[in-house]
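An overview of the molecular structure
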Amino acid sequence: MSAEATGDITRLMARFARGIDLRDWDMYRSVFTDEIDVDYTSYRAGNGGHFRAEDWVQRGRMLFPGLVASQHFLSNFDIAVEGDRGTVITYVRAEHVLPNTSGDAVFTIGGYYTDSVVRVGGEWKICRKQLTVLWNSGNPQVLTLARERAAALLAEA
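On a predicted model such as this, the values are computed, not experimentally measured, just so you know. (Residues numbered from 1 in each chain as written. Predicted model: local features only at pLDDT ≥ 70, side-chain atom pairs only at ≥ 80, totals over all residues. Heavy atoms only, no water.)

1. Section: the layout of surface pockets
For the largest pocket, the calculated volume is near 460 Å³. Every residue lining the largest pocket is counted, 22 residues in all, and those nearest its centre are Tyr-40, Asn-47, Trp-56, Leu-63 and Phe-64. Going through the elements one at a time, α1 (3–21), α3 (53–61), β4 (85–97), β5 (106–120) and α4 (141–156) are the ones with two or more residues in the lining of the largest pocket. Looking at the lining of the largest pocket, its residues break down into 15 nonpolar, 4 polar and 3 charged. (1 Å grid on protein atoms, 1.4 Å probe; cavity = no way out; pocket = protein on both sides within 12 Å on 5 of 7 lines; lining within 4 Å. Points joined across faces, edges and corners; volume = space filled by probe spheres on them. Helix = DSSP H or I, 4+ residues; strand = E, 2+ residues; numbered from the N terminus. Nonpolar A, V, L, I, M, F, W, Y, C, P; charged D, E, K, R; others polar.)

As structure tokens, then:
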């Protein structure tokens, strides 16, 4: 595996986190192949499947704008590449922030991502993303309230 591939894939994962946290939907979309397999079922049953990338990004738009802030910390990169395909395992700690009257303003998810990546036109993209949740803390209502708030914001637009 080349140092160039490792660097490119590390930057890909950073763009994934930055895109979602900054609500930069073009950046977030740019990290995925046109279709993506997603498995977030360890967080919530039924939260997975095969998606057009635009549809997966739209799901993010229906949650993250409802938060005041989020921050996805990625670490402990384990990257394996063979030709134009690879696997990336990263620890994730995802902070979701929304002050509310239902308890704590923060809900944190900890675990790891297992991503399949592929080189398309010389650029690495995520074609499969799996979240394995190992722990969480704080107020899980934050995400429910964020979905409601995001829906209201979309209705106003």
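Having seen the structure, we can now continue with the description.
2. Notes on the packing of aromatic side chains
We describe a pair of aromatic rings using the distance from one ring centre to the other and the angle between the two ring planes. Inspection of the entire model under this criterion finds 8 aromatic pairs. Centre to centre, the rings of Trp-25 and Tyr-28 are 6.1 Å apart; their planes meet at 80°, and the pair counts as edge-to-face. Of the two residues, Trp-25 and Tyr-28 both sit in helix α2 (residues 25–30), 3 residues apart, roughly one turn of that helix. You'll find Trp-25 and Tyr-28 in the same group, each marked buried. An angle of 55° between the planes, with centres 5.2 Å apart, marks the rings of Phe-51 and Trp-56 as tilted. Each of the two residues, Phe-51 as well as Trp-56, counts as buried. (Phe/Tyr/Trp six-rings, centres within 6.5 Å; stacked < 30°, edge-to-face > 60°. Buried < 20%, exposed > 50% of the residue type's maximum accessible area, 1.4 Å probe, protein only.)

3. Regarding the pairing of β4
Pairing geometry for strand β3 (residues 69–82) and β4, over 12 bridges, is antiparallel. Its bridge partner being in β4, Asp-78 is matched across the sheet by Ile-89. Remark: 2 residues form the turn of the hairpin made by β3 and β4, two consecutive strands paired antiparallel; Gly-83 in that turn has positive phi of roughly 65°. As paired elements, β4 and β5 share 13 bridges and run antiparallel to each other. Bridge assignment links His-96 to a residue of β5, and that residue is Phe-107. (Pairing = 2+ DSSP bridges.)

4. A closer look at the sheet that holds strand β6 (residues 123–138)
A sheet is described by the order of its strands in space; here 6 strands give the open sequence β2-β1-β6-β5-β4-β3, paired in mixed fashion. With one partner strand each, in any of the chains shown, β2 (48–52) and β3 form the two edges of the open sheet. Averaged over all pairs of adjacent strands, the angle between their axes in this sheet comes to 20°, without regard to strand direction. Together, β1 (32–39), β3, β4, β5 and β6 form the strand contacts of α1, whose direction differs from that of β3 by roughly 160°. Docked against the sheet, α4 engages β4 and β5, running at close to 70° with respect to β5. (Axes fitted to C-alpha atoms, helices over the stretch in contact; angles between N-to-C directions. Contact = heavy atoms within 4.5 Å.)

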